[in-house]
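# Structure assessment
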Amino acid sequence: MAFSSQEVKFALRTMRKRPAFSIITVLVLALGIGANTAIFSVVNSVLLQPLPFPEPNRLVQLWHTPPEKSFPGLKKFSLSPANYLDWKAQNTTFESMAIYGQGVATLTGSGEPQSVPGTRVSPEFFSTLGVKPMMGRTFTTEDGSENAGKTVVISEDFWRTNFGGNSNILGQTIRLNDEPHTVIGIMKGTFSFPAWNPAPKMWTCMQWDPKERAVRGNHNYMAFGRLKPGVSVQQAQSELSTIAARLAKEYPADDTGWGAMVLPLREELVGDVRPALLVLLGAVGFVLLIACANVANLVLAATLARGKELAIRTALGASRSDLIRGVLIETVILALAGGAVGLLFAHFGVQVILNFLSNDLPRMGEIGLDSTVLVFTFAVSLLTGLLSGLVPALKFAKADINEALKQGVGRGSTETGGRRTRTTLVIAEVALSLMLLVGAGLMIRTFYHLQKTESGVDPHNVLTTYLPLPKAKYDKGAPARNFYSQVLTKVRALPGVESAAVVDSLPLQGGSVQPIMIEGRPLLQMSDQPEVPTRNISAGYLKTMHIPVIRGRDFSESDTEKSTPVALISQSLAKEFFPNEDPIGKHISMELTDKYMELPTTPREIVGVVGDVKMEGLDSDRSDSAIYLLHDQVATGHMGLAVRTAGDPMNVATAVANAVHAVDPTQTLLDTMSMEDVIAASLAQRRFTMMLLVTFAGLALLLAGVGIYSVLSYAVRRRVREIGIRMALGAQVKDVVAMIVADGMKPALAGVAIGFVGALLLGRVMASVIYGVSARDSLTFASVSLVLLTVAFLASAVPAYRAAQVEPVRTLRDE
C-alpha cells in the first residue's frame, strides 16, 4: 500500500496536534520492538546464520553412544584415540575427520607466567573446517609426527595482547608447558572453535606416540568431520554405526556396547541454548502483541473521538478508503518512529545480554545489530504499524456517517461497537500477559528450587583455583605428588587458613567417570562395568569442603604408605551397590584408572561412606554416586586447590598465589574464585533467563494495566451524562464505583481464563527450561492470576474514582 506525500504530511500535522498521545504511543511500541530486536539479534547470530565455514552443512560432530548399563540416561560420550583412528580409516562417507581435546597451556618466558586456554588438535583440524589463518599457516601431517618439533597456532587477540601485533612472531619460539613451540600461524579474531568457555587462544598439534594411538578404553576427545559432497548425515550415521558394531566384535573388552552418533555441527554448537533463546523470543513476541493491542486501543479511542471530523470529511467527498489509509499512515509512522527508538533500546539490550551470557552463548563474537537485524526491525515496525491501525481503521469503515454527524455521537452504534472492540483487545492483552507471567513465575520457582538444592558442600569461606601442571615438567606420579604436597604444606601454614586440599574437579563442574568392579560380584567386561564419577582428592578435602563422613573414616596421611590402596564412596553409591550390606572393608577394582596411571591393578579397600555431592550441577538428574581416590596413591597433574579460610576467602588469594610460586615461580593459577562464585556461575544462564522473562512479564503486566485503565477512562468520559443521570435518580457513589470496576474486571477475568488455557498448552515449551517444578504448577498459576487481577482492579479503581466525582446537577445543566 503506497502512501502519497500529501497523506503523510497530513498525518504528521495530526500527530503534532496530539503530542502526548504520539509520544506515549512511540514509547510503548519502542519497548516492544526494541525487546524483539535485541533477542532476535542473538537468535539470528546463534541459531539462524550459517556457521562461518565453507559449506557448513557438510560439517558434523562425532560422538560415541555409551553402553546403557554403564551410563543410564546418557546419550553421547567422547571418543578414544584408537576408535577415532579406526573410524577415520574405515569410512567412505567423510572427506576428512579431525579430533581435538582441551589443553590449557602455561606460557612462560615473557613476563609473569600465565595460563592460556587452548586446544590440542589433530593436523586435519583447520583444513576440515575449511579455514585459513590471517597470517602464516596451519598444521600439516608432518606437524603431527611423533618426532617433529612442536608447533602452535595462536589467536589474533593473543597475538596482539602478548606480542603487540608484531608479525615477526611467526617462526619464533615460545615456551608452553615448559616446552618450546614454534608459532606458525595466527587465526583471525572472528575464529573461535571449539565453542568453549573460555574461548581457546591457541591450538597445538597432537603428536600421539604408538602407545597413545592404541588407547581404546579411555574416552577423552571430541571429533568432527566433513562429509563428502552429496552424502547425508543419515548415510554417515549408518556407516559409522556399522564400523562401531564391527569394532565391538573385534575388541569386546573395550568396545562392547559403544556405538556412534553423527550430529550436524550447528546443532551441536547451539543445542544447549536453543530452548532458552526460543522461549525468550516467544516472550518478546507476546510483549509486542500486547503493545500492538494497547496502541490499537489508543488509536481506536482517538479515531472514534474524531468521528464527527472524519464524517464531515466523508460528506465533503473523501472516500472511506482515504480515511482508512489516513489511520494506517498515522500508525505506521508511529511504529517506524518506535522502531527507530527501539533500535537504541536494542543496542543497550544486546550489550546487557552479552555481559551476562558471554560465558554461555556460542558464536558470541558474531552477535550484533547487523543488516539482517535492521531489516527485521523495519519489517516488524511496518507490520506493527499496520496491525495497530487495522482494527481502528476497519471499525471506522463500518461506522454510520449520519449517526456520527449527530451531536450525540457517543450514543451511536459506532461507539457501542468500539467499546466491544476495545474490550476484546483488553481481553487479548490480559491473556497474553498471564501466559508471560506464568513463564516468568515458573522460572522464578526453578531458580528458587535450585538455590535451595544442597550442593553437598559448604561453599562459605572457601577459595578455589586450578593448578594445571606442565606434562613435560611434572609427569603423573611422584613429581606431581611432591609439587602438590609442598603447596599444601605452605598454604596450610598461611594466617587465616583453616584447611586446604586438592581435588581434580570441583563440585558442580563435572569430571572423570570411570568403570568399577565390585569384589565378589560376577566378572564383567570393561564395557559392561558400571561407570561412576571418580574424584581424586588429598587427605583433608572432606574437612575443607565440610563433607560429612557417614560411616567409617576419612583418608589420613598414613594411607599414603599402605600397600593396599583405599577409597571412599558416597552415600548414594553405597545404597545403589551395597543396599543390604555394610560396604566398609569391601573392595572395588578400577582397571582403567590403574591402566592410565601405569599402576598394577589392585583392589581398593572402601574405608568410609561420605555425604553426597552434586558433581554435574545443581540441576543434574544424574545419580550422586561417586568414588573418591587418594591423590597420594593416584597422583595426576591436573588438580584444583580448595582453601577454607576464617574470613573472606578472596583476602588470602594473593598469599595463596605467593605460596604456590614459592614452590614453582613459573606455575600459574587458573580461575581463582570463591566456591560461592563457582555455584553462582553454574546458575548464571538460568538467572539471566529468569531476569529477562520477569522483565518482559512485568512490561506486559504494565501494558495490560494501562490498557484496562485507558479503556475505562475513555468509557467514563463518554458516559458522564449517563452517570450524572444515574446519580440524580438516587444511585450511590458505591454503586457507580462498583459498576465501573465491574466493567474493568469482566475483561480481566475473561483474559485470565483464556490465558490460563494458553499457559497450559505452552507447558511443553517451558518444560525444557525449568527444573524441579511442574509446567502446570498450581501455586504459580494461582499466584500470577492473583497478581494480574490485582493490577486489573487497581487500573479500574482510578477511573471508578473519577466517575464517582461526577456532579449530577452540573452534568444535567451542561446537557
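Up top is the structure.
Let me begin by describing the structure that accompanies this report. All residue numbers here refer to positions counted from 1 along the written sequence of the relevant chain. Thresholds applied to this predicted model are a pLDDT of at least 70 for local features of residues and 80 or more for the giving and counting of side-chain atom pairs; totals over whole chains, interfaces and linings are not thresholded and use all residues. Working from all heavy atoms in the structure, the side-chain values ignore hydrogens and water.

## Description of a positive patch on the surface
As a reminder of what qualifies: Every patch collects residues that have over 30% relative accessible area and no salt bridge, joining them within 9 Å if they carry like charges and within 5 Å if they are nonpolar side chains (Val, Leu, Ile, Met, Phe, Trp, Tyr). Calculation of accessible area relied on Shrake-Rupley with a 1.4 Å probe; when residues are assessed, cover is drawn exclusively from the protein chains displayed. Any carboxyl oxygen of Asp or Glu within 4 Å of a side-chain nitrogen of Lys or Arg constitutes a salt bridge here. Charge counting follows a simple rule: Lys and Arg are positive, Asp and Glu are negative, and His as well as the terminal groups are ignored. By convention, charge coordinates are those of NZ in Lys, CZ in Arg, CG in Asp, or CD in Glu. Secondary structure elements follow DSSP: runs of H or I no shorter than four residues count as helices, runs of E no shorter than two count as strands, and numbering proceeds from the N terminus. Residue burial is assigned from relative accessible area. The probe radius is 1.4 Å, only protein chains are included, and a residue is buried under 20% of its type maximum, exposed over 50%, and partly exposed in between.
Residues Lys9, Arg13, Arg16 and Lys17 make up a contiguous surface patch of positive charge. Of note, Lys17 is situated in helix H1 (residues 5–17). For Lys17, a relative accessible area of 70% translates into the label exposed.

## Topic: the pairing of strand S1 (residues 59–65)
Defined as follows: We treat two strands as partners when DSSP finds at least two bridges between them.
With seven of its seven residues buried, S1 lies for the most part within the structure. Along S1, one buried face is formed by Leu59, Gln61, Trp63 and Thr65 and the opposite face, lined by Val60, Leu62 and His64, is buried too. Direction of pairing for S1 relative to strand S11 (residues 222–227): antiparallel, over a ladder of four bridges. Its bridge partner lying in S11, Leu59 is registered against Arg226.

## Focus: the side chain of Thr668
The cut-off we apply is this: Contacts described as polar in this section are N or O atom pairs within 3.5 Å, which, within protein, must combine one atom able to donate a hydrogen with one able to accept it, while residues neighboring in sequence count only if both atoms come from side chains. The contact definition used throughout considers only heavy atoms, calling two residues in contact when any of these lie within 4.5 Å.
One can find Thr668 in the loop between helix H20 (653–663) and strand S24 (670–674). There is a polar contact of 3.5 Å between the side chain of Thr668 and the side chain of Thr106. Beyond its immediate chain neighbours, meaning those up to four positions away, Thr668 contacts Thr106, Pro113, Gln114, Ser115, Tyr466, Leu467 and Pro468.

## Structural notes on the pairing of strand S19 (residues 566–570)
Consecutive side chains of a regular strand alternate in pointing toward one face of the sheet and then the other. Counting buried residues along S19, five of its five residues qualify, which places the element largely inside the surrounding structure. Judged by which residues are buried, S19 turns out to be covered on both faces: Val566, Leu568 and Ser570 on one side and Ala567 and Ile569 on the other are all buried. Note that S19 and strand S21 (residues 604–610) share five bridges and pair parallel. Bridge assignment links Val566 to a residue of S21, and that residue is Glu605. In this structure, S19 lies alongside strand S22 (residues 627–630), joined through three bridges in antiparallel fashion. Directly across from Ala567, in S22, lies its bridge partner Leu629.

## Describing the packing of helix H3 (residues 81–90) against helix H7 (residues 233–250)
How we decide: Every axis in this analysis is a line fitted to C-alpha atoms, fitted for helices over the stretch in contact. Angles between the N-to-C directions lie between 0 and 180 degrees. In what follows, roughly perpendicular refers to angles from 65 to 115 degrees, roughly parallel to angles under 35, roughly antiparallel to angles over 145, and oblique to any angle outside these ranges. Here is the rule for handedness: rotate from the far helix to the near one, and if that takes an anticlockwise turn smaller than a right angle the crossing is left-handed, while a clockwise turn gives right-handed.
One can describe the packing of H3 onto H7 by two numbers: an axis separation of 10 Å at closest approach and a directional angle of 125 degrees. Here H3 lies oblique to H7, going by the angle between them. The way H3 lies across H7 gives a crossing that is right-handed. In this structure, H3 uses Asn83, Asp86, Trp87 and Gln90 to contact H7, whose residues at the interface are Glu239, Leu240, Ile243, Arg246 and Leu247.

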